[in-house]
Amino acid sequence: MSEQFSIFQSRPSRLHALHPVTKLVLTFCLLAAALLLPGLWTNYLLFALAILPLATLGQVTGPLLRAVWPTVLPFAISVFLIQGIIYPHGTPLFSLGPLTLKREGLLLAISGTGRILMVVSNFILFALITRPDTLMLSLVQRGVPGGLAYIVVASIQLVPRFRARAAAILDAQHARGLETTGSLRRRLSAIVPLVVPLILSSLVDVEERALAIEARAFNHPGPKTSLIEITEAGWERPARWLLLLTVPVSLGLRLWLG
Amino acid sequence: MNSLRKEFNTTTLVLIPVAIAINIAIGHTIYILKLPFYLDSIGTILVGVLAGPWAGALTGLLSNLIWGFTGLNPAYAPFAAVAAVIGMLAGLAAQAGWVSSWWKALITGLVVGVISAAVSAPISAYVFGGVTGSGNDALVAMFRSFGASVLPASFAQGALTDPVDKAISFVLVWLIIMALPMRFRARFPQGQMQT
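About the thresholds
Residues numbered from 1 in each chain as written. Chains lettered and ligands numbered in written order. Predicted model: local features only at pLDDT ≥ 70, side-chain atom pairs only at ≥ 80, totals over all residues. Heavy atoms only, no water. Helix = DSSP H or I, 4+ residues; strand = E, 2+ residues; numbered from the N terminus. Rg over C-alpha atoms; globule rule 2.2 N^0.38 Å. Contact = heavy atoms within 4.5 Å. Areas by Shrake-Rupley, 256 points an atom, 1.4 Å probe, with all protein chains shown as cover. Buried area = accessible area lost by both parts, 1.4 Å probe. Salt bridge = Lys/Arg side-chain N within 4 Å of Asp/Glu carboxyl O. Polar contact = N/O pair within 3.5 Å; in protein donor to acceptor, adjacent residues only side chain to side chain. Nonpolar A, V, L, I, M, F, W, Y, C, P; charged D, E, K, R; others polar. Phe/Tyr/Trp six-rings, centres within 6.5 Å; stacked < 30°, edge-to-face > 60°. Buried < 20%, exposed > 50% of the residue type's maximum accessible area, 1.4 Å probe, protein only. Lys NZ or Arg CZ within 6 Å of the ring centre and 35° of its normal. Patch = residues over 30% accessible without salt bridge, like charges linked within 9 Å, V, L, I, M, F, W, Y side chains within 5 Å. Domains from an automatic or database assignment.

**Q** Could you clarify how one ought to interpret the overall build of chain A in this entry?
**A** Across its full length, chain A holds nine helices and two strands. Put simply, chain A runs from its N terminus to its C terminus through helices and strands in the order α-α-α-β-β-α-α-α-α-α-α. A globule of 258 residues ought to have a C-alpha radius of gyration of about 18 Å, yet chain A, at 24 Å, is considerably larger. Seen through its principal axes, chain A has C-alpha atoms that stretch 70 × 65 × 30 Å. Long-range contacts, defined here as pairs at least 24 residues apart, represent 73% of the contacts in chain A between residues at least 6 apart. Put simply, chain A shows about 13800 Å² of open surface, and 66% of that area lies on carbon and sulfur atoms.

Structure, rendered in structure tokens:
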């Protein structure tokens, strides 16, 4: 198995054993709830009562928190500084020198941070418990075109190779005396000698790969066999429909309670 | 339908994952260099110009979804629609012949940048409370302190940074296409339009 650009963690858990489409539906419903449900603290509650128990079930709480923290913190700081303090016309809560914390800005910052926390942790949980190739295979079995599955799986496998190549080009240009630190102008002029070689070198093997997959009957219309087998428990299908019912419920609560 | 099949020939299908990887690899490198823009849509624009608007839109959409769903940068996933619009506009602009010289590419990039700022402002304002978590937040703070509300402040921030970003991207794509051998370009549906 080649190295994959994915944070997937293999665990012998019941969450991991779910069918990929069930995981996808679960992620979608949680995302809809995070974006639709009204209330100041709703998203923090969702995080505590849905994401954390699911992560515990999947034995990925540690990796989840380690991945969520560095993404959410800069957003949280920005949103508190910008909305909390610079909110134009609000009720002042307290002042520190020229800075005044406004009530409306603080409320906006609390709900904003909650939404970011839910969106980010939801995606990360999905990535931790789902293997990209089994996900795409399960979608192909449900009628998604094989070309689309090829695009997704191939990009996921290409990214680590490309990032290594980008780092190598950066090193090579450094060795030739290219400056990538210092003034903005100097860093700007470093873009072309980095970007153009990376793209040209990666386009070289496009043609070769196109011939290779055509020679392996990629465009053949008939059914194909796969190396991976996906299992699905009998209760998962009705469970997915029940999960999907939460989306109109979220929308209804939003319209009803504002 | 037939033209769509022509747009998604095998060479296009193989180019798209390469373009997605280019988006992510360069976007990440630029982030390391701490430049005030993203350059995360060069691959998307390249596919749009060489293969067509639908292929460009698909590249943009999948780039951001893969970026988010693999857990590397979940904050990018909600902007998938913006990336799709950029890819589609790149394809349409190439069909109209607006990417055929460096200055045309520059102007097209500026225009696409304004449109992408307009599409991304509501997403940024609603999902992320108007902040990006990057250095550009200083701009949002400035507009907010002038009394702008969340949505106009994020649009103003985007309208200042996106056109420059997209103009650089379009000129780079023009440079790359000029450097590609004619024989290679001819394998793509729109490859021979740009000369």
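Structure's up, so let's keep going.
**Q** Sorry, what's going on with the interface of chain A and chain B here?
**A** By a widespread convention, an interface's size corresponds to the accessible area lost as its parts come together. Taken together, the contact pairs 62 residues of chain A with 61 residues of chain B. The contact between chain A and chain B buries some 5500 Å² in all, and 79% of this surface belongs to carbon and sulfur atoms. Summed over the shared surface of chain A and chain B, the number is two salt bridges. Of the charged contacts, one joins B:Arg183 and A:Glu207 as a salt bridge, the two residues approaching to 3.0 Å between their closest N and O atoms. For the pair chain A and chain B, the number of links is five residue pairs in polar contact (both at pLDDT 80 or more). The element contributing the most residues to the side of chain A that touches chain B is helix α8 (residues 191–215) of chain A, with 17 residues. When the residues that make up the side of chain A that touches chain B are grouped by side-chain class, the tally is 45 nonpolar, ten polar and seven charged.

**Q** Just checking my understanding: could you explain the packing of aromatic side chains for this structure?
**A** Where two aromatic rings form a pair, the distance of their centres and the angle of their planes describe that pair. Overall, the coordinates contain four aromatic pairs over all chains when judged by the stated rule. Seen in terms of ring centroids, A:Tyr150 and A:Phe218 are 5.4 Å apart; in terms of plane orientation they differ by 70°. Their pairing is edge-to-face. One end of the pair, A:Tyr150, is in helix α6 (residues 146–175); the other, A:Phe218, is in the loop between α8 and α9 (236–257), with 68 residues separating them in the sequence. Ring centres of B:Trp67 and B:Tyr76 lie 4.4 Å apart, and the angle between their planes is 45°; this geometry places the pair in the tilted category. B:Trp67 sits in the buried class, given a relative accessible area of 6%. It is A:Arg115 that lies over the ring of B:Tyr126; its NZ or CZ is 4.4 Å from the centre. The residue whose ring lies beneath A:Arg165 is A:Phe162, and the NZ or CZ to ring-centre distance is 5.4 Å.

**Q** Any chance you could explain a nonpolar patch on the surface here in plain terms?
**A** Residues B:Trp102, B:Trp103, B:Leu106, B:Ile107, B:Leu110, B:Val111 and B:Ile115 make up a contiguous nonpolar surface patch of roughly 640 Å² in combined accessible area. Looking at where B:Val111 falls in the secondary structure, it is placed in helix α6 (residues 102–128).

**Q** Explanation requested: the domain arrangement of chain A in the structure shown.
**A** Residue and element names in this part refer to chain A. Under the domain assignment used here, chain A contains domain 1 (6–131 + 229–258) and domain 2 (132–227). Here the C-alpha centre of domain 2 lies 30 Å away from the C-alpha centre of domain 1. Each partner contributes residues to the interface: domain 1 has twelve residues there, and domain 2 has ten residues. Our count for the contact surface shared by domain 1 and domain 2 stands at two salt bridges. One salt bridge in this structure joins aspartate 133 and arginine 131, with 2.7 Å as the shortest N-O distance. Taken together, domain 1 and domain 2 are joined by three residue pairs in polar contact (both at pLDDT 80 or more). It is helix α1 (residues 20–36) that contributes the most residues to the side of domain 1 that touches domain 2, three residues altogether. Split by residue class, the side of domain 1 that touches domain 2 holds five nonpolar, three polar and four charged.

**Q** What exactly am I supposed to notice about the pattern of salt bridges here?
**A** Opposite charge on two side chains makes pairing possible when the charged atoms of those side chains draw close. Tallied over the full model, the rule gives six salt bridges over all chains. The closest approach of N and O atoms between B:Arg187 and A:Glu207, which form a salt bridge, is 3.7 Å. Note that B:Arg187 is positioned in the segment after α9 (182–185) and A:Glu207 in helix α8, a pairing that runs across two chains. We classify B:Arg187 as partly exposed; its relative accessible area is 26%. The class of A:Glu207 is buried, set by a relative accessible area of 13%. One network of salt bridges, with partners in common, ties together A:Arg142, A:Glu232 and A:Arg240.

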